[in-house]
Amino acid sequence: MTTERKYVEELIEQEDDFDRWYVEVIQKAELADESPVRGTRVIRPYGFALWENMQAELDRRIKATGVQNAYFPLFIPKSYLEREAQHIQGFAPEVAWVTKGGDKELEEPLAVRPTSESIICPMFARWVQSYRDLPILINQWCSVVRWEERPRAFLRTLEFLWQEGHTVHATLEEAEERARLMLEVYRDFVETELAIPVIPGQKTESEKFAGALRTYTIEAMMGGKHWALQSATSHNLGDHFGRVFEITFLDREGKRRFAFNTSWGLSHRTIGAMVMVHGDDRGLKLPPRVAPIQVVIVPIWRKDEERRQVEEAVERVRTTLQRAVRVHADLRDDKTPGWKFNDWDLKGVPIRLEIGPRDVANDQVTLVRRDVLGQRQTVPVANVVDAVQRELDAVQASLYRAAREMLERHTEDVRDYERLKERVASNAGFNRAFWCGSAECEARVKAETKATIRCIPFEQPTEYEPCLVCGALGRYQVIWARAY
């Protein structure tokens, strides 16, 4: 067995143990590493570069809707968090508390930010006086802390990176429009940049954000076990937080009214989503639009006299490409070309360019796409920029198409409760079924199968069939699935 082949085979196959495969890919692709602090992870430069690319694209979209970035404190006084009963009850099991400062007991414990409504709303109350002050549209990029019992890299960690938007409006209609707008921003970002198809919809009452009037979500299907991943949420908070935190304003008629709020967020768990949706037995397959390295150039030579010519050609191609794409030349001389091929396949780089003596002689490069390994094409150096950009677009489209096909292939219209239980138990995927709207039926399915209603899709049928659970007339068609 060669060193190159052994390097690949050390990664467990997905169908043997998908959970272990996920952990190994995160570790060996150098996205993240274990931390001395239980439940946390160190995000390594390659993983953080991926997050930075995602952050830049999402930040641009958010700002295009009129939102400005700001920053609020990490610590929230206990009395602030407790002002909204549903809110604190919803987060209580996950809140980390600071009770000492130095060697002194604090007069009031401080919560380490699990989400920021309780620290941002009091500031809104200070800033809002008149209808002329509205709307306020603010976003912050930060980390939050939630005390997870079963942490997994990127998916559920004690501390994680995200953005959270918070807005204030004069009317419920404006708040609703903003909440739906931001969900559409997320849908476009996840599908366009991350190549992950999603189902947009509304959460049920039992699954919505604590204290919200309505919660909207985008749900994605993961590879392997075909469970769901809540990939972003947007909440219409109504005037509930406005009343709790006394965010009031004088309207155009001079009457004092409570303001309406929204909040919305997307976290670095979407990195985990990309791993699970696009990855294969060789490792990552990263969407070109966010990949830290879009093109890697690997030189190939056998004799010292070939090395100089090959490396000169590599540098010429790298210089040409760097104006258009994120490119890296792998000039490590302690690794064989085959080892490098496998290493960059593991890291999910979309395109590999190989340059050997024959390529130099023909003034060409050999191009290999990560999504269709085994297919090779030669490209004249004079055409390399156009060819690479064309193939990057093709890889992006290919990844989305494959993920869409997976979603459709593993989604079934289920009309029998026993069939639902079978599919959930065998990790068969998403189950589209009718539901009467009762909390009792919802709770029964969760208790008996561990599946939850992931969302009530915005797209609903024109005719409704009986509830899958009780047989009463269905009010909604919903997606049942287990979730990460």
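This write-up is about the structure you can find in this document.

1. Topic: the overall build of the protein chain
Phase 1 of the analysis: Looking only at helices and strands, the protein chain features 15 helices and 23 strands.
Phase 2 of the analysis: Here the C-alpha radius of gyration of the protein chain, 25 Å, is about what a compact globule of 484 residues would show, namely 23 Å.
Phase 3 of the analysis: The buried share of the protein chain, taken over its 484 residues, is 54%.
Phase 4 of the analysis: In the protein chain, once contacts between residues fewer than 6 apart in sequence are set aside, the share between residues at least 24 apart is 69%.
Phase 5 of the analysis: A total of about 22,100 Å² of accessible surface is found on the protein chain, and carbon and sulfur atoms cover 47% of it.
Phase 6 of the analysis: When the 69 positive and 76 negative side-chain charges of the protein chain are each reduced to one mean point, those points stand 1 Å apart.

2. Focus on the nonpolar core
Phase 1 of the analysis: If you look at the biggest cluster of nonpolar residues, it comprises 69 residues, and the most contacted ones within it are Leu31, Met54 and Ile196.
Phase 2 of the analysis: Examining the composition of this core, we find that seven residues originate from one element, helix H7 (residues 172-192), more than from any other.
Phase 3 of the analysis: In contact with leucine 31, not counting residues within four places along its chain, are Ile26, Val42, Ile43, Arg44, Tyr46, Gly47, Leu50, Phe154, Ile271, Val275 and Leu284.
Phase 4 of the analysis: Formed by 24 residues, the second largest nonpolar core is a distinct cluster that contains Ile119, Leu134, Ala212 and Val244.

3. Details of the packing of helix H3 (residues 45-64) against helix H9 (residues 269-278)
Phase 1 of the analysis: The geometry of H3 relative to H9 is characterised by a closest axis approach of 10 Å and an angle of 105 degrees between their N-to-C directions. It follows from the interaxial angle that H3 and H9 lie roughly perpendicular. Side by side, H3 and H9 meet where Gly47, Leu50, Trp51 and Met54 of the first sit next to Thr270, Ile271 and Met274 of the second.
Phase 2 of the analysis: Looking at the contact of H3 with H9 residue by residue, the class counts come to five nonpolar, two polar and no charged.

4. Digging into the sheet that holds strand S18 (residues 364-369)
Phase 1 of the analysis: Judged by pairing direction, the sheet is mixed, and its five strands sit side by side in the order S16-S15-S17-S18-S19 without closing on themselves. A single partner strand is all that each edge strand has here, and the edge strands are strand S16 (327-329) and strand S19 (376-380). On average, each strand axis in the sheet is tilted by 25 degrees relative to the strand beside it, whichever way the strands run.
Phase 2 of the analysis: The pairing of strand S17 (residues 351-355) with S18 spans four bridges and is antiparallel. Within S18, the position partnered with isoleucine 351 by the bridge is arginine 369.
Phase 3 of the analysis: Packed onto the sheet, helix H11 (residues 337-346) meets strand S15 (295-299), S16 and S17 and runs at close to 170 degrees relative to S15.

5. Focus on the pairing of S18
In the case of a regular strand, side chains alternate between the two sheet surfaces.
Phase 1 of the analysis: Judged by how many residues are buried, S18 sits mostly within the fold: six of six residues are covered.
Phase 2 of the analysis: Neither face of S18 is exposed, since Gln364, Thr366 and Val368 on one face and Val365, Leu367 and Arg369 on the opposite face are all buried.
Phase 3 of the analysis: Relative to S19, S18 runs antiparallel, the two sharing five bridges. Each bridged residue has a counterpart across the sheet, and for threonine 366 the counterpart in S19 is threonine 378.
Phase 4 of the analysis: Turn length for the S18-S19 hairpin, with the two strands adjacent in sequence and antiparallel, is six residues, and the turn residue glycine 374 shows positive phi of about 105 degrees.

6. Focus: the packing of aromatic side chains
Phase 1 of the analysis: Taken as a whole and assessed by the stated rule, the structure comprises 10 aromatic pairs.
Phase 2 of the analysis: Seen from their ring centres, tryptophan 51 and tryptophan 141 are 6.0 Å apart, and the 75 degrees between their planes marks the pair as edge-to-face. Of the two residues, tryptophan 51 is situated in helix H3 and tryptophan 141 in strand S7 (residues 136-145); the sequence distance between them amounts to 90 residues.
Phase 3 of the analysis: Ring centres of phenylalanine 241 and phenylalanine 245 lie 6.3 Å apart, and the angle between their planes is 10 degrees; this geometry places the pair in the stacked category.
Phase 4 of the analysis: Taking the relative accessible area as the measure of exposure, phenylalanine 241 reaches 0% and is therefore buried.
Phase 5 of the analysis: Classification of phenylalanine 245 as buried rests on a relative accessible area of 2%.
Phase 6 of the analysis: Here the aromatic cluster, defined as three or more aromatic residues joined through ring pairs, consists of Phe72, Phe124 and Trp127.

Here is what the cut-offs are and how they apply
- Residues numbered from 1 in each chain as written.
- Predicted model: local features only at pLDDT ≥ 70, side-chain atom pairs only at ≥ 80, totals over all residues.
- Heavy atoms only, no water.
- Helix = DSSP H or I, 4+ residues; strand = E, 2+ residues; numbered from the N terminus.
- Rg over C-alpha atoms; globule rule 2.2 N^0.38 Å.
- Buried < 20%, exposed > 50% of the residue type's maximum accessible area, 1.4 Å probe, protein only.
- Contact = heavy atoms within 4.5 Å.
- Areas by Shrake-Rupley, 256 points an atom, 1.4 Å probe, with all protein chains shown as cover.
- Lys, Arg positive; Asp, Glu negative; His and termini not counted.
- Charge placed at Lys NZ, Arg CZ, Asp CG, Glu CD.
- Core = buried A, V, L, I, M, F, W, Y, C linked by side-chain atoms within 4.5 Å.
- Axes fitted to C-alpha atoms, helices over the stretch in contact; angles between N-to-C directions.
- Parallel < 35°, antiparallel > 145°, perpendicular 65-115°, else oblique.
- Nonpolar A, V, L, I, M, F, W, Y, C, P; charged D, E, K, R; others polar.
- Pairing = 2+ DSSP bridges.
- Phe/Tyr/Trp six-rings, centres within 6.5 Å; stacked < 30°, edge-to-face > 60°.

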